[in-house]
Amino acid sequence: DVKVTQSSRYLVKRTGEKVFLECVQDMDHENMFWYRQDPGLGLRLIYFSYDVKMKEKGDIPEGYSVSREKKERFSLILESASTNQTSMYLCATRTGSTGELFFGEGSRLTVL
Amino acid sequence: GEDVEQSLFLSVREGDSSVINCTYTDSSSTYLYWYKQEPGAGLQLLTYIFSNMDMKQDQRLTVLLNKKDKHLSLRIADTQTGDSAIYFCAETGSSASKIIFGSGTRLSIRP
């Protein structure tokens, strides 16, 4: 089974803090994604990566950056957290055949 | 632009059929998907349909695709309490790297 592991299920941070969300996959997939999920808005793509050290902006990249130093690990960074970044963050990898996404369990971030 | 729309809520009686509807805008989508999200969990692929198909059946699930109207539906037969979840419709969109999600339909089951 594909396993996508997000290191933190729940985080509480203060405004202005730097936040790292880590995601690790064990299926050797090239494509990895970070989404944020908000009620009534569905999933919105923040960033994706199609190879090591390669990244592309999604629909809402402002306030976020990413790092992909190794194929299995894709990190989302909030340089200076703000209250409007309180959300559920979902990491996913993608298979090439049917394009199916495999999701982690999610990281619920609260910024006070 | 690319957009996927679905209603936010659906309530059905246990044992009845549930039908969740979705409309999309990008006619070039190769695949269309239904994902299920149970409380406190990530999304999991429920089923998908290739764009050159009209229907796909998998046990209690039936997916219907109307390409002319850009309409996708998911029918769950004999709905059970374990089917309570949020169901997301998604399409591949014009970019091979992106999948476009709808806002999700929360399905609740009445006894």
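Model, not experiment: these values are computed from the prediction. (Residues numbered from 1 in each chain as written. Chains lettered and ligands numbered in written order. Predicted model: local features only at pLDDT ≥ 70, side-chain atom pairs only at ≥ 80, totals over all residues. Heavy atoms only, no water.)

Chemist: Where do I start with the sheet that holds strand 8 (residues 71-76) of chain B in this structure?
Modeler: Two pairing modes exist for strands in a sheet, parallel and antiparallel, and in both the strands are linked by backbone hydrogen bonds. Residues and elements named next belong to chain B. Pairing within the open sheet is antiparallel, and its 5 strands lie in the order 1-3-8-7-6. Of all strands in the sheet, those with a lone pairing partner are strand 1 (4-5) and strand 6 (55-58), marking the two edges. As judged from the 2 bridges shared by strand 1 and strand 3 (residues 18-24), these two strands associate in the antiparallel manner. Paired with E5 across the two strands is T23, which belongs to strand 3. (Pairing = 2+ DSSP bridges. Helix = DSSP H or I, 4+ residues; strand = E, 2+ residues; numbered from the N terminus.)

Chemist: Quick question: what am I supposed to make of the packing of aromatic side chains here?
Modeler: Aromatic ring pairs are described here by two measures, namely the spacing of the ring centres and the angle between the planes. Residues and elements named next belong to chain B. Taken as a whole and assessed by the stated rule, the structure comprises 13 aromatic pairs over all chains. Aromatic side chains Y31 and F50 sit 5.0 Å apart centroid to centroid with 50 degrees between the ring planes, which places their arrangement in the tilted category. Taken together, the positions of Y31 in strand 4 (residues 31-37) and F50 in strand 5 (residues 43-50) put the pair 19 residues apart, joining distant regions of the chain. For Y31, a relative accessible area of 17% corresponds to the buried category. (Phe/Tyr/Trp six-rings, centres within 6.5 Å; stacked < 30°, edge-to-face > 60°. Buried < 20%, exposed > 50% of the residue type's maximum accessible area, 1.4 Å probe, protein only.)

Chemist: Got a minute to help me understand the pattern of salt bridges in this structure?
Modeler: Residues and elements named next belong to chain A. Under the definition given, this model contains 11 salt bridges over all chains. Across the pair E79 and K18 runs a salt bridge, and its minimum N-O distance is 3.5 Å. Taken together, the residues span a long stretch of sequence, with E79 in the loop between strand 9 (73-78) and strand 10 (87-94) and K18 in the loop between strand 2 (10-13) and strand 3 (19-21) at a distance of 61 residues. Looking at E79, the relative accessible area reads 45%, which means it is partly exposed. Here E22 makes a salt bridge to R73, at a shortest N to O gap of 3.6 Å. One end of the pair, E22, is in the loop between strand 3 and strand 4 (23-25); the other, R73, is in strand 9, with 51 residues separating them in the sequence. (Salt bridge = Lys/Arg side-chain N within 4 Å of Asp/Glu carboxyl O.)

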